[in-house]
Amino acid sequence: MHFRGKIRHNALNIMKRMTTRNGRQRRYFSVMVVLVVTCLLCRGELLRNEEEKEEEKVVNIIGAKSATRRSLLASSALMTSGNGIHDTNTTRFPSTKRVKRRRMREYENDDNYRWGPVARERDDERDKEGKLEALREDIRLETKKLEIALKEERILFSSNDEEAWRKQKKTNQRDEQEVQEHGGGIEKWPLLKQHEEMFERFCGGEGSESGAGSMREAMGKLRKEAESYDESDSNGNLVIFEAYNPFWNGFGNNMRRWLNLFVVASRFDSFASYFDFGACGMEEYGRNAENDGVEGKTFYRRGKDGQSACQFDPGMFFKGDGFDWQWTPKRANENPERLSLASVTRNATILCEEDVSDDVRDCKLYDDKDLDHRRRLYDNGDDATYVVKPLASSGRMSREEIDRAEGAEAKIKAANADWLREWFKEEVARDVDRKGVRVKLTIHDVFVMQREGEVLFNVYGIDGDEPPPDLGDPELPKACYNRHFFRPREHVKEAIEEVFEKSSSNGGGDMKKWRSCAAIHLRTGFADHQALWVAKYRMLSENKRKELEAKYPCRSTAGGSERTAERFVDALDETFRKCEPDYSNERICTLWHQKNEITKHVNLDIENESNVLNGRLKTFDVVQDCCGSSFREPDVADAMERCGFVPEGMYPELEVKKKNDDFSSTSPVRAALTCALRASKFHLESLVEEDNDNSDDDDSDDEAFGVFLLGDSPTFIKAVPKLPNIGKYFAHQQDPDTVGVTMGDSDCSGTSCVVRKKGEKHLSWMRSVVDAYVASLCEVTVQLPGSSFANGAIHQLRAPGRNRTSSAFLWSGEVVLGQHLATRDETTNEIARETKIGYDGNLENYVALGAAHCKTID
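Residues numbered from 1 in each chain as written. Predicted model: local features only at pLDDT ≥ 70, side-chain atom pairs only at ≥ 80, totals over all residues. Heavy atoms only, no water.

> Can you help me understand the overall build of the protein in this one?
On a plain count of helices and strands, the protein comes out with 30 helices and 19 strands. Expressed as a percentage of the 858 residues in the protein, the buried residues total 50%. Taking the intrachain contacts of the protein between residues at least 6 apart in sequence as the baseline, contacts between residues at least 24 apart amount to 71%. Element-wise, carbon and sulfur atoms account for 47% of the exposed surface of the protein, whose accessible area totals about 41900 Å². (Helix = DSSP H or I, 4+ residues; strand = E, 2+ residues; numbered from the N terminus. Buried < 20%, exposed > 50% of the residue type's maximum accessible area, 1.4 Å probe, protein only. Contact = heavy atoms within 4.5 Å. Areas by Shrake-Rupley, 256 points an atom, 1.4 Å probe, with all protein chains shown as cover.)

Written out as structure tokens, the structure reads:
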């Protein structure tokens, strides 16, 4: 009551002071705010009364029948203490969590409690808690609006400066709009706000570019199609894709493949398409490796008995725009009439020709009754009359016919890209009773329907459907479709918010203030071998471990001229040294293989050898060309000369030079840092110019830029923000020791690893998703040396209008750890058979790339 009384008192004072003409004009607004807040508080009082009744039930259950009404009210006050209402009552009473624990202990063996009426009461209780939380959020937003109004009134009545009042009014209106549109959420920060605005502008939202009309129409159709996901419609048509082949596993490699499946399925008229990519976790998804959640059997991939199908599922982290495309046993159990496999009217599988190019091969749809348990056609034996007729066939595709076809629909027809769509149309036509068509469709070849998806995207821009002229982004359709199908779930949003909130606590940049950023993705192979390295490292003697760690101290020595962070960067550089022709490098090396005019590829046999000596890229002669790296690694001078679209020599103060006297060796890591800093700064300058063109004010922040660090090397994340002078520009996620790859089940952090086979929460998977999303907010990505994670996940999540260069540095390569590669015979110089390159056996790589012995680096 104290809080509500204070609001009413302040509101009355405001209205008393509204004696000027301007004040009277705003009286309506303040009165409305007061009324809204009062109504919300009344609604809260009703919910709290219900909550008090529930507390009485709880107290009765645990035997506290003698508890007084005053104690119950105190409990209610404590439970609502987090909603911003200041209650002075401090009477001690058990918390909700403690009460529930007592109730659990007393009734843990009571079936009535676990499955009967009490369980239903518990569900109702959770529902009421959710409503109360929503009410608290409403109160917070209305309070924020009232604070804005109070600030405006204080300025108006304490000063006669009308100009100051108008400026404050403009600021308040902007703040209020952000509160109304985004609930005071993370979209108010510049990078996320720009992200949303770019999608709105180019993907056909309100106020979008006039040239985006074609995308507005396409996205309108997608939003209309989302209505088919009405899960109350038990007679609706739907298809459930079973796609948990291990080759689907992995975030970077498969983002494009998932999207191709989505766009193909989006053309199935009147169908809702659900996708099962193998998510595990009994609580969240209703199954684990031992229980498939349907028949109670081991959850393994069909056709490969005993091989677990639990894997990275994008549905664990993303959903559609206003709909949820993920299928799990839990969802099926919650809505059996619509999603249960028992309600499926046909089970089918797509099989394609083998030993034929994926671009042209014929794929056929078969009824599962004609396939064996390994999803292969039954053997016809000696019966020549035994023929299995497919339900549908794609036929072989002809590139020549597609090229000759004119217009989008003609090209789709020439490629027969809608062959599956046509079959679904026939199924609907056969459903004369309108009971709904439900198909379980198995895809256990990762390339199935990829050709069709690519064709559908490639025909965009034909028949006048060009992207906006000032955008010039040929991947506009993919960007908009990605946005439609890959909306982050709430727990991902919370993790993204945490990155922004805690960015400055790492000693680096404050991302909440950034208007421009570049991202650096480092791919060293550390995460691939971390689990193996941890196991081997723990087997070493303590003296041997100390000997390895002594090479990479965590703190600088007293009076030392070089900081520890600099030495760790030097150690990272060794990973990106070019591989020698005989792979004689002591540690991990890199095969650099970029060839284009930008990187100035120069052969040794050219006449002008001065180019070679002047820092140009070099290559070995023809005899040596097969082995080792054909190019040298990049250096800082290369970044200053040409880094993406940044003019040569700009921002010399952002050149990251070595701090020691060894200038003869290159520094790929410092080159990447230099490139990213300059690209981010250059983009900020372009934003400032736009602001100056649209405003008379020139109050831009020259420091509102930075670089987001991500990758699979904890050392990189720990060391770079500690570099002198430039460390303030870098930010990253918390807990740098937690890294991983989405292809595997190992979840490692520092010197410990856990293999998660039953669907336990993967910290490294979550980190990968959040890293990719935050990096996609940046204008460019710098890769070192290159990876599908950056090319796939980050690239596809990026908003339209952003730079589409795969790497701003225009260099690419591949680290060599344990691959089988071609070598040459030392005597004959002939190419020998492929030999395993065994850098993965050197545990110094583990120490240098992980720095697990260092909690912090100075």
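> Even after reading the chapter, I still don't get the side chain of Asn260, so can you show me in this structure?
Here Asn260 lies in helix α11 (residues 251-265). Here Asn260 falls in the buried class, since its relative accessible area comes to 0%. Within the structure, the side chain of Asn260 is placed 3.1 Å from the side chain of Glu454, a separation counted as a polar contact. If we ignore the near neighbours within four places in the chain, the residues touching Asn260 are Gln450, Gly453, Glu454 and Phe457. (Polar contact = N/O pair within 3.5 Å; in protein donor to acceptor, adjacent residues only side chain to side chain.)

> I tried to follow a negative patch on the surface on my own but got confused; where do I start?
Negative charge collects at one region of the surface, where Asp582, Asp825, Glu826 and Glu830 lie side by side. Along the chain, the position of Asp582 falls in the loop between α23 (564-575) and β10 (589-592). (Patch = residues over 30% accessible without salt bridge, like charges linked within 9 Å, V, L, I, M, F, W, Y side chains within 5 Å. Salt bridge = Lys/Arg side-chain N within 4 Å of Asp/Glu carboxyl O. Lys, Arg positive; Asp, Glu negative; His and termini not counted. Charge placed at Lys NZ, Arg CZ, Asp CG, Glu CD.)

> Please clarify how the pairing of strand β14 (residues 746-749) should be interpreted in this entry.
Relative to β14, strand β13 (residues 738-739) runs antiparallel, the two being bridged by two bridges. What sits directly across from Val739, in β14, is Cys748. In textbook terms, the turn of a hairpin is the stretch between consecutive antiparallel strands, and for β13 and β14 this stretch comprises six residues. Pairing of β14 with strand β15 (residues 752-755) involves four bridges; the strand directions are antiparallel. When the sheet's bridge partners are listed, Cys748 is paired in β15 with Cys753. (Pairing = 2+ DSSP bridges.)

> How should the sheet that holds strand β16 (residues 780-784) be read in this particular structure?
The strands making up a sheet are joined through hydrogen bonds of the backbone, oriented either antiparallel or parallel. Overall, parallel pairing links the four strands, which are arranged β12-β11-β9-β16 in an open sheet. At either end of the open sheet lies a strand with only one pairing partner, and these are β12 (730-731) and β16. Here strand β9 (residues 516-522) runs beside strand β11 (residues 705-711); their pairing, made up of seven bridges, is parallel. Following the sheet pairing, Leu522 is matched in β11 by Gly711. Strands β9, β11 and β16 of the sheet are contacted by helix α29 (residues 788-797), whose axis makes an angle of about 160° with β16. (Axes fitted to C-alpha atoms, helices over the stretch in contact; angles between N-to-C directions.)

> So what exactly am I meant to see when it comes to the state of the cysteines here?
Linking two cysteines covalently via their sulfur atoms produces the bond known as a disulfide. The full count for this structure, using the stated rule, is eight disulfides. Cys352 shares a disulfide with Cys363; S-S distance 2.0 Å. Sign of the S-S torsion, about 105° for the bond between Cys352 and Cys363, identifies this disulfide as right-handed. Taken together, the positions of Cys352 in strand β4 (residues 346-352) and Cys363 in strand β5 (residues 363-367) put the pair 11 residues apart, joining distant regions of the chain. We classify Cys352 as buried; its relative accessible area is 17%. Assessed through its relative accessible area of 5%, Cys363 is described here as buried. Here Cys748 pairs with Cys753 through a disulfide, and the sulfurs are 2.0 Å apart. Here the disulfide of Cys748 and Cys753 is right-handed, its torsion about the S-S bond being about 110°. Judged by its relative accessible area of 4%, Cys748 is buried. (Disulfide = S-S within 2.5 Å.)

> I keep staring at the packing of aromatic side chains and nothing clicks. Help me out?
Two aromatic rings, taken as a pair, are described by how far apart their centres are and by the angle between their planes. The final tally for this structure, using the stated rule, is 35 aromatic pairs. Plain terms: the ring middles of Phe268 and Phe424 are 4.5 Å apart, the flat faces sit at 35° to each other, and that makes the pair tilted. Of the two residues, Phe268 is situated in the loop between α11 and β2 (271-276) and Phe424 in helix α17 (residues 419-430); the sequence distance between them amounts to 156 residues. Since its relative accessible area comes to 2%, Phe268 is described here as buried. Under the relative-accessibility criterion, Phe424 is labelled buried at 2%. Judged by centre distance (5.8 Å) and plane angle (5°), the ring pair of Phe275 and Phe277 falls under stacked. No difference in accessibility class separates Phe275 from Phe277, as the two residues are buried. Arg483 extends its terminal NZ or CZ atom over the ring of Phe199, reaching a point 4.8 Å from the ring centre. (Phe/Tyr/Trp six-rings, centres within 6.5 Å; stacked < 30°, edge-to-face > 60°. Lys NZ or Arg CZ within 6 Å of the ring centre and 35° of its normal.)

> How should the pattern of salt bridges be read in this particular structure?
Any two side chains of opposite charge can pair, given that their charged atoms come close. Applying the stated rule across the entire model yields 47 salt bridges. One salt bridge in this structure joins Arg483 and Glu196, with 2.4 Å as the shortest N-O distance. Linking Arg483 in helix α19 (residues 476-485) with Glu196 in helix α9 (residues 190-202), this pair joins segments that are 287 residues apart in sequence. Assessed through its relative accessible area of 23%, Glu196 is described here as partly exposed.

> Hey, could you run me through the nonpolar core in this one?
One recurring pattern in soluble globular proteins is that nonpolar side chains are buried together. In terms of nonpolar packing, the biggest core is built from 105 residues, with Phe251, Ile350 and Tyr481 touching the most fellow members. At nine residues, the largest contribution of residues to this core is made by α11. When neighbours within four sequence positions are excluded, Ile350 is seen to be in contact with Cys363, Lys364, Leu365, Trp419, Leu420, Leu441, Thr442, Ile443, Val448 and Met449. Listed in part, the 73 residues of the second largest apolar core include Phe526, Phe716, Ala808 and Phe809. (Core = buried A, V, L, I, M, F, W, Y, C linked by side-chain atoms within 4.5 Å.)

> Where do I start with α23 in this structure?
For an α-helix, 3.6 residues make a turn, and residues three or four places apart therefore share a direction. In this model α23 runs 18 Å from its N-terminal to its C-terminal C-alpha over 12 residues, within 8% of the 16 Å that 1.5 Å per residue would give. Taken as a whole, α23 has its buried residues at Thr564, Ala565, Glu566, Phe568, Val569, Asp570, Ala571, Leu572, Asp573 and Thr575. (Expected span 1.5 Å × (residues − 1).)

> In this structure, what is going on with the sheet that holds strand β6 (residues 392-393)? I would like to understand it.
Spatially, six strands are ordered β2-β1-β7-β4-β5-β6 in an open sheet, and the strand pairing comes out mixed. The sheet terminates laterally at β2 and β6, the two strands that pair on one side only. As judged from the six bridges shared by strand β1 (residues 237-242) and β2, these two strands associate in the parallel manner. Paired with Ile240 across the strands is Tyr274, a residue of β2. Across the sheet, α11 lies against β1 and β2, angled at about 160° from β2, the strand it touches most. Helix-sheet contacts for α17 involve β1, β2, β4, β5, β6 and β7 (438-442), and the interaxial angle to β5 is about 30°.

> I'm lost on the environment of Ala405 in this one. Help?
Mapped onto the secondary structure, Ala405 falls in the loop between α15 (399-404) and α16 (408-415). A residue is classified by how much of its surface remains accessible, and Ala405, at 14% relative accessible area, is buried. Residues Ala405 and Ala415, 10 residues apart in the sequence, show an inter-C-alpha distance of 9.6 Å. Residues within four places of Ala405 in sequence aside, it is in contact with Ala410, Lys411 and Ala414.

> How should the packing of α11 against helix α18 (residues 450-458) be read in this particular structure?
Packing of α11 against α18 leaves a shortest axis separation of 8 Å and a crossing angle of 75°. On the basis of their axis angle, the class for α11 and α18 is roughly perpendicular. Together, Arg256, Arg257, Leu259, Asn260, Leu261, Val263 and Val264 of α11 and Gln450, Glu452, Gly453, Glu454, Leu456 and Phe457 of α18 make up the contact between the two elements. Residue composition of the contact of α11 with α18, grouped by class: six nonpolar, three polar and four charged. (Parallel < 35°, antiparallel > 145°, perpendicular 65-115°, else oblique. Nonpolar A, V, L, I, M, F, W, Y, C, P; charged D, E, K, R; others polar.)

> Help me understand α18, please; the structure alone is not making it clear to me.
Most of α18 sits inside the fold, with eight of its nine residues counted as buried. Those residues of α18 that sit buried are Gln450, Arg451, Glu452, Gly453, Glu454, Val455, Leu456 and Phe457. Taken together, the buried residues of α18 touch α11, α16, α17 and α19.

> Sorry if this is basic, but what is going on with the side chain of Arg489 here?
Locating Arg489 in the fold gives a position in the loop between β8 (487-488) and α20 (490-502). Relative accessible area serves as the criterion here: at 15%, Arg489 is assigned to the buried category. Dropping the residues within four chain positions of it, Arg489 is found in contact with Gly315, Met316, Phe317, Phe318, Lys319, Asp324 and Gln326.

> Is there a simple way to think about unusual backbone geometry in this case?
Omega for the peptide link from Leu784 to Pro785 comes to -5°, which places this bond in the cis form. Note that Pro785 resides in the loop between β16 and α29. Phi at Tyr651 takes a positive value of approximately 55°, unusual for a residue other than glycine. Judged by its relative accessible area of 10%, Tyr651 is buried.

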